[in-house]
Amino acid sequence: MSKISSVSGVLLGLILIWVISVGLMANSNSSQTSPNTGFVTTIKSAGSVNSASTEQDDNFVGNQTCLICHEDKGKSLEKTLHGRSMDVRTPAARGDRTCETCHGPGKAHAESTDKKDIKSFTVLTASAVNETCMSCHANNTSHSQWSGSMHDARRVSCVNCHSVHSPKSETAQLKTARVTETCINCHKQQALKIKKSNHMPLVEGKMECTSCHSPHGSNNVKMLKVGNTVNESCVSCHTEKR
């Protein structure tokens with residue numbers, strides 16, 4: 001009887017060890033980091049993917065395929081806000097689809113190497129660019145009034161001001177170092193006014209255009225953040241002038 005109990009105990013122990021080993025292996029394979037990049041690749045279990053999503057997934061090629069030709073773009077993206085994989089809102093947090101989050105499925109482009117087979121933001125229309133960007137940024141309260149705004153109506157695209165891969169500013173991923181430098185690229189007449197002897201302290205860096213204006217849309221005149229008139233906007237800070 002003691003021998004039977006001993007054998008049963010050994011078998012139970014072996015079964016327990018096997019179960020723990022399988023669990024650890026499954027956990028370690030649930031997420032892995034793609035080689036040569038900081039992008040995190042999430043592996044889905046086969047049982048969670050239905051036939052429709054499998055067909056759609058076949059059009060995606062993953063980061064490594066993109067980086068064969070566009071390694072420089074991958075490295076530059078890692079240094080930007082979009083490249084922070086720890087932030088769940090970013091393309092880098094989308095697993096192995098960092099590039100294809102914005103550029104779309106890359107299978108056709110990878111096979112043909114034709115630029116027409118991928119979303120290229122240098123040739124897309126303003127509306128197509130903005131639709132792509134707003135698919136994520138529409139959730140941002142500062143962008144909630146973009147649709148129908150003056151910039152949207154005049155076909156200004158997000159990439160006219162912002163750079164995903166090579167931003168120059170410390171915040172907002174702008175193409176220039178400062179907000180005002182970005183604005184005066186289009187607003188030449190307004191730029192001349194700040195060069196007068198009596199001017200707003202934009203040149204000195206004490207203010208930016210966005211101190212008063214909301215470039216992503218506003219219900220107020222002249223895209224002002226506050227006030228239905230210029231005076232109302234001014235006295236919101238200069239209360240002594242009321």
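Residues numbered from 1 in each chain as written. Predicted model: local features only at pLDDT ≥ 70, side-chain atom pairs only at ≥ 80, totals over all residues. Heavy atoms only, no water.

1. Section: the nonpolar core
So, point 1. In this structure, Phe121, Val129, Cys133, Cys158 and Val159 together form the largest nonpolar core, which totals 5 residues.
So, point 2. If you list the elements that add at least two residues to this core, you get helix 7 (126–137) and helix 9 (158–161). (Core = buried A, V, L, I, M, F, W, Y, C linked by side-chain atoms within 4.5 Å. Buried < 20%, exposed > 50% of the residue type's maximum accessible area, 1.4 Å probe, protein only. Helix = DSSP H or I, 4+ residues; strand = E, 2+ residues; numbered from the N terminus.)

2. Notes on the environment of Leu81
So, point 1. Tracing the chain through its elements places Leu81 in the loop between helix 4 (71–78) and helix 5 (98–103).
So, point 2. Spatially, the C-alpha atoms of Leu81 and Pro167 are 9.8 Å apart, while their sequence positions differ by 86 residues.
So, point 3. Setting aside anything within four residues of it in sequence, one finds Leu81 in contact with Thr90 and Gln173. (Contact = heavy atoms within 4.5 Å.)

3. Points about unusual backbone geometry
So, point 1. Of note, Arg155 is a non-glycine position whose phi angle comes to about 60 degrees, a positive value.
So, point 2. Looking at the secondary structure, you find Arg155 in the loop between helix 8 (150–153) and helix 9.
So, point 3. Using a relative accessible area of 70% as the deciding quantity, one classes Arg155 as exposed.
So, point 4. Of note, the phi angle at Ala172 is positive, near 70 degrees, even though the residue is not glycine.
So, point 5. For Ala172, a relative accessible area of 40% translates into the label partly exposed.

4. Focus: the environment of Ser85
So, point 1. With respect to the helices and strands, Ser85 occurs in the loop between helix 4 and helix 5.
So, point 2. Residue Ser85 is classed as partly exposed on the basis of its relative accessible area, which comes to 21%.
So, point 3. It is 8.3 Å that separates the C-alpha atoms of Ser85 and Gly95, two residues lying 10 residues apart in sequence.

5. Side note on the confidence of the model for the protein
Segments scoring low in pLDDT should not have their predicted coordinates read at a detailed level.
So, point 1. Here the protein averages 83 in pLDDT, while 77% of its residues score no lower than 70.
So, point 2. Per-residue pLDDT stays below 50 along residues 28–37; that stretch engages in 19 contacts with residues further than four places along the chain or on separate chains.
So, point 3. Predicted confidence for residues 39–53 stays below pLDDT 50, and this span has 31 contacts to residues more than four positions away or in other chains. (pLDDT = per-residue confidence, 0-100.)

6. Looking at the side chain of Ser214
So, point 1. Of note, Ser214 is situated in the loop between helix 11 (188–193) and helix 12 (230–235).
So, point 2. Taking relative accessible area as the criterion, Ser214 reaches 15% and is therefore assigned buried.
So, point 3. In this structure the side chain of Ser214 is engaged in a polar contact, spanning 3.0 Å, whose partner is the backbone oxygen of Gly217.
So, point 4. Once you skip the residues sitting within four places of it in the chain, Ser214 turns out to touch Met223 and Lys225. (Polar contact = N/O pair within 3.5 Å; in protein donor to acceptor, adjacent residues only side chain to side chain.)

7. Focus on the state of the cysteines
So, point 1. Applying the stated rule across the entire model yields 0 disulfides.
So, point 2. In this structure Cys234 is a free cysteine whose sulfur lies 6.6 Å from that of Cys212, the closest cysteine sulfur available. (Disulfide = S-S within 2.5 Å.)

8. Overview of helix 7
So, point 1. Between its first and last C-alpha atoms helix 7 spans 16 Å; for 12 residues at 1.5 Å apiece the expected length is 16 Å, and the two agree.
So, point 2. Regarding helix 7, the residues found buried are Ala126, Val129, Asn130, Thr132, Cys133 and Met134.
So, point 3. Close packing links the buried residues of helix 7 with helix 5, helix 8 and helix 9. (Expected span 1.5 Å × (residues − 1).)

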